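Coordinates in review
Below, each chain spelled out in residue letters.
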Amino acid sequence: MILPGSDPAAIAQAALQLRAGELVALPTETVYGLGADASQDSAVAKVFAAKGRPAEHPLIVHVASKAQVSDYAASVPAFAQQLIDAFWPGPLTLILPRRDGVARAAAGGQDSIGLRCPSHPVAQALLQAAATGVAAPSANQFGRVSPTTAEHVQAEFGEDLLILDGGPCPVGIESTIVDCTRGAPVLLRPGHITREQVETACGQALLAPEAATEAAPRASGTLESHYAPRARVRLMSANELNQRLASLGVHAHNLGLWSRQRPLDAGAGVLWRAQAVLAAEAAQQLFAVLRELDSHGVQQIWVELPPDTPAWEGVRDRLKRAAA
Ligand code: TXA
Ligand code: MG
């Protein structure tokens, strides 16, 4: 059931449920999460089961404040602390060495742990009321599009799950992930907080993930094919999109388009949605647009590939995986 996240009684109920080892879906500023008490391995197992996610894929543990980092991390390099001070609470996840004996299942058995302190007021209220770290992957079936509204979550997991409604997520794509276990920061997943912002805040260049091969931890968000709607996604330039559309003419059907300009030749069989010109706005739209076009049963979604500039790295990353 969906309960208003602004209602203190709903927060109290959700916190009790977490403590009792049950799952709760919560809004964050990035996407909705499917949460479990990170200190209960049996509760965390329910998350993997519900998502159909392989149990060795680690989850992010969400904490209410910076002070809780030491509950989970064995050590915090200086550059990681600088990132925490610059961006928490906010859409940044850090991978840190895990403290012995804590959150083993949440970490997928790895000796590192992903930590994030979300800024969303409903997430904050829940984390404070539950007084425990909450392991939460995005609240979608494994490999599918992340949810950015309470209704999206309900469409994935049904009526029985308690879902706190916090409205549409303002960021819209998952947190930026920086691995801080390899001596220098490594960008594992681009997001709203850009590469430049990370480098400026910690005064160090990010290491390319390729340069950090060997002990690379598994990260499902980094699988080549992920975030996929049912329809086939194809990425193209505005020019190519218009040419293809013109050559299909009236024969175009069951086709979704997400592009900046309304195409001149789009007939009745084409559903067009406007793509925002600002990266942050397009990120906010992205998953909701893919889901909405899917819900109309389109067979293909043609997407105008946004510019190859730093601000668009997170959106382009998700689009490429959706198209893979
Ligand atoms: O914005 C977000 O990060 C959302 C909200 C709910 O906080 N969560 C999210 O979770 O995107 P999920 O599970 O869909 O993606 C988490 C990513 C995965 O790619 C996972 O493998 C990686 O974080 N991750 C978590 N812990 C890790 C670790 N110890 N080492 C390497 N990667 C890790
Ligand atoms: Mg996910």
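Attention in this report is confined to the structure presented alongside it. One numbering rule holds for all chains: residues counted from 1, following each sequence as written. As they are written, the chains are lettered A onward and the ligands numbered 1 onward, keeping that order. Selection of residues for local features in this predicted model requires a pLDDT of at least 70, selection of side-chain atom pairs for listing and counting requires 80 or more, and totals for whole chains, interfaces and linings are taken over all residues. As a convention, hydrogens and water are excluded, and side-chain values are obtained from all of the structure's heavy atoms.

**Quick word on the overall build of the protein chain**
Elements are defined by DSSP. Helices are runs of H or I of four residues or more, strands are runs of E of two residues or more, and each kind is numbered from the N terminus. When its secondary structure is counted, the protein chain shows 10 helices and 14 strands. In this setup the radius of gyration rests on C-alpha atoms only. A globule is expected at 2.2 Å times the number of residues raised to 0.38. Since a compact globule built from 324 residues should have a radius of gyration of about 20 Å, the 20 Å found for the protein chain is in line with a globular shape. Going through the 324 residues of the protein chain one by one, you find that 53% of them count as buried. The contacts in the protein chain between residues at least 6 apart in sequence include a share of 67% that link residues at least 24 apart. The accessible surface values rely on the Shrake-Rupley method and a 1.4 Å probe; as for residues, cover is taken only from the protein chains in view. In the structure as shown, the protein chain presents an accessible area of about 13400 Å², 52% of it carried by carbon and sulfur atoms. Buried residues are those whose accessible area, probed at 1.4 Å on protein chains only, stays under 20% of the maximum for their type, while exposed residues exceed 50% and partly exposed ones sit between those limits. Contact criterion: two residues are considered in contact whenever any of their non-hydrogen atoms come within 4.5 Å of each other.

**Here we look at the state of the cysteines**
When two cysteine sulfur atoms are found within 2.5 Å, that pair is recorded as a disulfide. Inspection of every chain in the model, using the stated rule, returns zero disulfides. The thiol of C180 is unpaired, and the distance to the nearest cysteine sulfur, on C202, comes to 8.0 Å. Judged by its relative accessible area of 3%, C180 falls in the buried class. Judged by its relative accessible area of 6%, C202 falls in the buried class.

**A look at the pattern of salt bridges**
Criterion for a salt bridge: a side-chain nitrogen of Lys or Arg within 4 Å of a carboxyl oxygen of Asp or Glu. The tally for this structure, following the rule as stated, stands at 12 salt bridges. For D179, the salt bridge is made with R182, and the minimal N-O distance between the two is 2.6 Å. When its relative accessible area of 23% is taken as the criterion, R182 is described as partly exposed. Here D317 makes a salt bridge to R321, at a shortest N to O gap of 2.7 Å. One end of the pair is D317 and the other is R321, both in helix α10 (residues 313–323) and four residues apart, which spans about a single turn. Within this structure, E174, D317, R318 and R321 form a network of salt bridges that share partners.

**Describing the packing of helix α9 (residues 279–295) against α10**
Geometry is summarised by axes, namely lines fitted to C-alpha atoms with helices restricted to the contacting stretch, and by angles between N-to-C directions that run from 0 to 180 degrees. Here α9 crosses α10 at 25°, and the two axes come no closer than 10 Å. By the angle between their directions, the pair α9 and α10 is classed as roughly parallel. For α9 against α10, the interelement crossing comes out left-handed. Residues A279, A283, L286, F287 and L290 of α9 touch α10, and the partners they reach there are V315, R318, L319 and A322. Gly counts as polar in this scheme, as do all residues outside two lists: the nonpolar Ala, Val, Leu, Ile, Met, Phe, Trp, Tyr, Cys and Pro, and the charged Asp, Glu, Lys and Arg. In terms of residue class, the contact of α9 with α10 is made up of eight nonpolar, no polar and one charged. Here the word oblique covers every angle except those under 35 degrees (roughly parallel), over 145 (roughly antiparallel) and from 65 to 115 (roughly perpendicular). For a crossing to be left-handed, the near helix must be turned anticlockwise from the far one by less than a right angle; the clockwise case is right-handed.

**What to know about helix α1 (residues 8–19)**
Helical periodicity: at 3.6 residues per turn, an α-helix aligns residues three or four positions apart in one direction. To estimate how far a helix should reach, multiply one less than its number of residues by 1.5 Å. Here α1 contains 12 residues, and its C-alpha end-to-end distance of 17 Å stays within 8% of the 16 Å for a straight helix at 1.5 Å per residue. Within α1, burial applies to A10, I11, A14, A15 and L18. Looking straight down α1, one finds that the buried residues subtend no more than 135° of arc, so they occupy a single side. Away from its buried face by more than 90 degrees, α1 exposes A9 and L16. Of the surrounding elements, those touching the buried residues of α1 are β1 (2–4), β2 (24–26), β3 (33–37), α5 (121–130), β7 (134–135) and β8 (162–165). Pairs of N or O atoms within 3.5 Å make up the polar contacts considered here, provided that, within protein, one atom can donate a hydrogen while the other can accept it, and that residues adjacent in sequence are counted only when both atoms are side-chain atoms. Where α1 begins, one side-chain oxygen reaches toward the backbone nitrogen of A9, 3.0 Å away; that side chain belongs to D7. Of the residues trailing α1, G21 is marked for its positive phi of about 85°. Here the arc refers to the set of directions running from the helix axis out to each C-beta atom.

**Topic: the sheet that holds strand β14 (residues 300–304)**
Think of a sheet as strands paired side by side through backbone hydrogen bonds, with each pair either parallel or antiparallel. One requirement defines pairing of two strands: DSSP has to find at least two bridges between them. What the four strands build is an open sheet, ordered β11-β14-β12-β13; its pairing is parallel. Every other strand in the sheet has two partners, leaving β11 (232–236) and β13 (270–274) as the edge strands with one partner each. Taking each pair of neighbouring strands and ignoring which way they run, the sheet shows an average axis angle of 20°. Pairing analysis gives four bridges linking strand β12 (residues 255–259) to β14, with the strands arranged parallel.

**Some thoughts on the sheet that holds strand β10 (residues 186–189)**
Spatial ordering of the open sheet is given by β1-β8-β2-β3-β7-β4-β6-β5-β9-β10, a layout of 10 strands whose pairing is mixed. Single-partner strands in this sheet number two, and they are β1 and β10. Pairing of strand β4 (residues 60–62) with β7 involves two bridges; the strand directions are antiparallel. Residue pairing across strands places V61 opposite A135, the latter belonging to β7. In the packing of helix α6 (residues 150–157) onto the sheet, contacts are made with β1, β2, β3 and β8, and the angle to β8 comes to roughly 165°.

**Section: the side chain of E304**
Tracing the chain through its elements places E304 in strand β14. Charged residues are defined here as Lys and Arg on the positive side and Asp and Glu on the negative side; His and the ends of the chain fall outside this count. We note that E304 is buried and unpaired, the nearest opposite charge coming from R260 at a distance of 4.3 Å. Once residues lying within four places of it in the same chain are set aside, the contact partners of E304 are M236, A238, L241, W258, S259, R260, Q261 and Q275.

**Examining the packing of α1 against α5**
Contact geometry for α1 and α5: axes closest at 9 Å, N-to-C directions at 55°. Between α1 and α5, the crossing angle belongs to the class labelled oblique. When you trace α1 past α5, the crossing you get is right-handed. Facing I11, A14, A15, L18 and R19 of α1, the residues of α5 in contact are V122, A125, L126, A129 and A130.

These values are about where atoms sit, not about what they do.
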